[in-house]
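Examining the three-dimensional arrangement
Spelled out, the chains give:
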Amino acid sequence: MESHKKIGKIAGGLFLLMIITGATGNSLRGLSLSLIASQNFFNQVLEDLIQMKIAILLDLIASGIGVYIGIILFSILKQYNKKIAIGYVSVLVVGFTITVMSNITHLSFISLCQELAKGIALDENYLRVLSLLKVEEYYWAHFLILTTFSLGASILYYALFKTKLIPRFLSIWGLIAVIMVFSASMLQVFDYTVNFIFYAQNGVYLLFFSIWLMVKGFNPSAIITKSAT
């Protein structure tokens, strides 16, 4: 149906907007363990305060766009399998919730640095450990976000593969890409060093996937049969 094609094009544009917004926010984040190791790190945070807050805002917007994409695609996915459609949107909502919590952690870290800049008379080592814990808390949440993203994307690509709304090679490529992201995140959770290529390849796929949808949309001739309700 032509409506499917149109929805696919809209989703493609939203995916591209989500990628650009999320990548820009990530590049502006400025949060790292090496930051805490530097002298008077709290002053550096205050210098980058606006940049960090913009990063937080963009991260929330990108995650919110992801949820909106899920809502848009729900009407199509439910025609194939309502449980899969609900599962996809549910995972996106969980991911958005974790994103909100992770950014609250970043905001509390900023608040801590603002207090430190006032010259509070506390043990320096204690303050560094407390700041380190805040940064670690953010990154643990970040890895959890990546795992939920991988789960949600896997559900979507599986449904697209079964329905043939996009070419099957594109669905298979997407599944391989998110499996690599999930595997890399799990390895880092267990303190294994992972090459950035494990994540970068997914960015390449998402760009291709987004542009494909914007140009082609979903296959209007695809036959969506209800396998379950």
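Everything below is about the structure printed above this text.
A few points on the structure. Remember, it's a predicted structure, so these values are computed and weren't measured experimentally. (Residues numbered from 1 in each chain as written. Predicted model: local features only at pLDDT ≥ 70, side-chain atom pairs only at ≥ 80, totals over all residues. Heavy atoms only, no water.)

1. Re the overall build of the protein
Helix and strand counts for the protein stand at eight helices and zero strands. Ordered by position from the N terminus, the helices and strands of the protein form the series α-α-α-α-α-α-α-α. Here the C-alpha coordinates of the protein stretch approximately 70 × 30 × 30 Å along the principal axes. When burial is assessed residue by residue, the protein has 43% of its 229 residues classed as buried. A sequence separation of at least 24 residues applies to 82% of the contacts in the protein between residues at least 6 apart. Charge centroids of the protein, computed over 16 positive and 10 negative side chains, lie 27 Å from each other. (Helix = DSSP H or I, 4+ residues; strand = E, 2+ residues; numbered from the N terminus. Buried < 20%, exposed > 50% of the residue type's maximum accessible area, 1.4 Å probe, protein only. Contact = heavy atoms within 4.5 Å. Lys, Arg positive; Asp, Glu negative; His and termini not counted. Charge placed at Lys NZ, Arg CZ, Asp CG, Glu CD.)

2. What about a nonpolar patch on the surface?
Residues Leu187, Phe190 and Tyr192 make up a contiguous nonpolar surface patch of roughly 360 Å² in combined accessible area. Examined against the element boundaries, Leu187 turns out to sit in helix H7 (residues 168–189). (Patch = residues over 30% accessible without salt bridge, like charges linked within 9 Å, V, L, I, M, F, W, Y side chains within 5 Å. Areas by Shrake-Rupley, 256 points an atom, 1.4 Å probe, with all protein chains shown as cover. Salt bridge = Lys/Arg side-chain N within 4 Å of Asp/Glu carboxyl O.)

3. A closer look at H7
Its 22 residues give H7 an end-to-end C-alpha distance of 32 Å, which sits within 8% of 32 Å, the value for a rise of 1.5 Å per residue. Regarding H7, the residues found buried are Leu170, Ser171, Gly174, Ala177, Val178, Val181, Ala184 and Ser185. Viewed along the axis of H7, the buried residues span an arc of 155 degrees, placing them on a single side of the element. In the stretch just after H7, Asp191 is the one whose phi turns positive, near 65 degrees. (Expected span 1.5 Å × (residues − 1). Arc of directions from axis to C-beta.)

4. A closer look at the pattern of salt bridges
Counting across every chain of the model gives one salt bridge. In this structure, Arg29 and Asp59 form a salt bridge, with 3.0 Å as the shortest nitrogen-oxygen distance. Residue Arg29 is found in the loop between helix H1 (2–28) and helix H2 (33–37), and its partner Asp59 is found in helix H4 (residues 49–80); the two are separated by 30 residues along the sequence. The exposure classification of Arg29 matches that of Asp59, with both residues buried.

5. Observations concerning unusual backbone geometry
Trans peptide bonds make up the majority, and among non-glycine residues the majority have a negative phi. Not every positive phi belongs to a glycine, and Lys164 is a case in point at roughly 65 degrees. With respect to the element layout, Lys164 can be found in the loop between helix H6 (124–163) and H7. On the basis of relative accessibility, which here comes to 46%, the residue Lys164 falls in the partly exposed class. At Asp191, a position not held by glycine, the phi torsion is positive, near 65 degrees. Of note, Asp191 is situated in the loop between H7 and helix H8 (197–216). In this structure Asp191 comes out as exposed when scored by relative accessible area, which is 70%.

6. Considering the nonpolar core
Grouped together as the largest cluster of nonpolar side chains are 37 residues, with contacts concentrated most on Leu73, Tyr88, Tyr157, Phe209 and Phe218. Only H1, H4, helix H5 (82–116), H6, H7 and H8 provide two or more residues apiece to this core. For this core, the leading source of residues is H4, giving nine residues. Those residues in contact with Phe218 that sit more than four places away from it in its chain are His4, Lys5, Ile7, Gly8, Leu73, Ile76, Leu160, Leu165, Ile166 and Leu213. In this structure, Phe41, Val45, Ile56 and Tyr138 belong to the second largest nonpolar core, which totals 17 residues. (Core = buried A, V, L, I, M, F, W, Y, C linked by side-chain atoms within 4.5 Å.)

7. Observations concerning the side chain of Thr163
You can see Thr163 is positioned in helix H6. Its relative accessible area of 4% is what places Thr163 among the buried residues. Among the polar contacts listed, one links the side chain of Thr163 to the backbone oxygen of Leu160, at a separation of 3.4 Å. (Polar contact = N/O pair within 3.5 Å; in protein donor to acceptor, adjacent residues only side chain to side chain.)

8. Brief notes about the side chain of Ser150
Structurally, the position occupied by Ser150 is in helix H6. Looking at Ser150, the relative accessible area reads 2%, which means it is buried. Among residues more than four places away in sequence, those in contact with Ser150 are Val178, Val181 and Phe182.

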